[in-house]
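# Overview (structure and organization)
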Amino acid sequence: MPEDKNKPIIEAINLCKYFKTPKGQLHAVEDVSFSLMPGKTLGVVGESGCGKSTLGRTILRLQPATSGEVRYEGENILNYNRKQMNRIHQNMQMIFQDPYSSLDPRMSIRALITEPLEVLGTKKNMSAAEEKEKVSEIMDMCGLPKYYNNLYPHELDGGMRQRVGLARAMILDPKFIVCDEPVSALDVSIQAQILNLLLDLQDRNGLSYMFITHDLAVVKYISDEIMVMYMGQVVELAESDELFAHPMHPYTRALLNSIPTIDLSRRNRERITIRGEVSSPINPAPGCRFAPRCPYATEACRQNQCLKQVSPGHFAACTEGFK
Ligand SMILES: Nc1ncnc2c1ncn2[C@@H]1O[C@H](COP(=O)(O)OP(=O)(O)O)[C@@H](O)[C@H]1O
Ligand SMILES: [Mg+2]
């Protein structure tokens, strides 16, 4: 059944994920809401430890949420039982920074790409010939030469291993893929090849991505919309061009200022630099979590912040100091 292009494929509504730690409750994902349309990419950007991977895993139900909702094609999947979840799980896949750790070194590339079909029982409905056909089609789609069939993971470089990771996801004909730093470990020239492959697969198959990265150049290249996270919270959400043209939140502006610029007109623009370290959000106080590092922080920042619309489709939790 073709999906409705005007309805979100994935939505998060006030999603929270807390971990119990010996020091208290760690608020890894706090009150995150967004919606993603079919065929689009939501970039998720922020420093290490801000909750990007936890958000991705919670959305795919690889770990239980603490509260909130995750809707797949309009239905809250957090209450789904195992059988209901199995039915939609193949539509939602994940690829990782280091596919090597998830690739069994004793399995051939062919066996690795076939494996997800066995795990989800899809294979039962396929003849051996159909399966062979499917595997070569997917390998071709992911830019893996035929002779790779009989190679093993250690014989491949990082870029080719990431293509295998992607082929293992694509074999299930997913509609939504969480891409968790998939190019962060690769050389820059190889990064571009994998990003272009992802864009190509999106065009051909109408895929939606949540693309997680700490790299602003990468997120700008791949995303339609960008969500900036700080210590588990969304501080800003906007279309990609809009976010880079008009960053509003002091944290977003600090983050964008950390990219070297050769654009002279921007040289004299006020620069915010980030002081101090990111701490863990354990038993966090109410209010803005960036306040301890923010040059504009005032007493008012101890109050809870929520995203406010600053222009159509552009949301920021704070616009302090914006000129
Ligand atoms: N299983 C876990 N138990 C306890 N804390 C965790 C667990 N997984 C992640 N965290 C904590 O949650 C926060 C967010 O982590 P993570 O989602 O990995 O961030 P990112 O992917 O942005 O680097 C970090 O403070 C991390 O230490
Ligand atoms: Mg991560």
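Right, let's walk through the structure included here. Everything numeric in this text was worked out from a predicted model, so none of it was measured. (Residues numbered from 1 in each chain as written. Chains lettered and ligands numbered in written order. Predicted model: local features only at pLDDT ≥ 70, side-chain atom pairs only at ≥ 80, totals over all residues. Heavy atoms only, no water.)

Checked against the element boundaries, Gln233 lands in strand β10 (residues 233-239). Separated by 20 residues in the primary sequence, Gln233 and Thr213 have C-alpha atoms spaced 16 Å apart. In this structure, Gln233 is in contact with Glu30, Val228, Gly287 and Arg289, ignoring residues within four places of it in sequence. (Helix = DSSP H or I, 4+ residues; strand = E, 2+ residues; numbered from the N terminus. Contact = heavy atoms within 4.5 Å.)

With that settled, the discussion passes to the nonpolar core. One finds Ile109, Ile113, Leu144, Met170, Ile177, Leu198 and Leu201 to be the most contacted residues of the largest nonpolar core, which totals 38 residues. Among the secondary structure elements, those contributing two or more residues to this core are α4 (109-119), α5 (128-141), α6 (158-170), β7 (176-180), α7 (188-205), β8 (208-213) and α8 (216-222). Summarising the domain contributions, this core has at least three residues from each of domain 1 (10-91 + 208-316) and domain 2 (92-173). Sequence-distant contacts of Ile109, defined by excluding residues within four places in its chain, comprise Met139, Tyr148, Asn149, Leu151, Tyr152, Pro153, Leu156 and Val164. Listed in part, the 31 residues of the second largest apolar core include Leu60, Leu78, Phe176 and Leu237. (Core = buried A, V, L, I, M, F, W, Y, C linked by side-chain atoms within 4.5 Å. Buried < 20%, exposed > 50% of the residue type's maximum accessible area, 1.4 Å probe, protein only. Domains from an automatic or database assignment.)

Taken together, Phe19, Leu26, Ala28, Glu47, Ser48, Gly49, Cys50, Gly51, Lys52, Ser53, Thr54 and Ser280 form the complete shell of residues around ligand 1. Within the backbone of Cys50, a nitrogen or oxygen atom sits 3.2 Å from an oxygen atom of ligand 1. Contact distances for ligand 1 include 2.8 Å between an oxygen atom and a side-chain N or O atom of Ser53. Mapped by element, the contributors of at least two residues to the shell around ligand 1 are β2 (24-36) and α1 (52-59). The dominant element in the shell around ligand 1, judged by the number of residues it contributes, is α1, at three residues. By residue class, the composition of the shell around ligand 1 is four nonpolar, six polar and two charged. (Near = heavy atom within 4 Å. Polar contact = N/O pair within 3.5 Å; in protein donor to acceptor, adjacent residues only side chain to side chain. Nonpolar A, V, L, I, M, F, W, Y, C, P; charged D, E, K, R; others polar.)

Function cannot be inferred from these measures alone, as they are strictly geometric.
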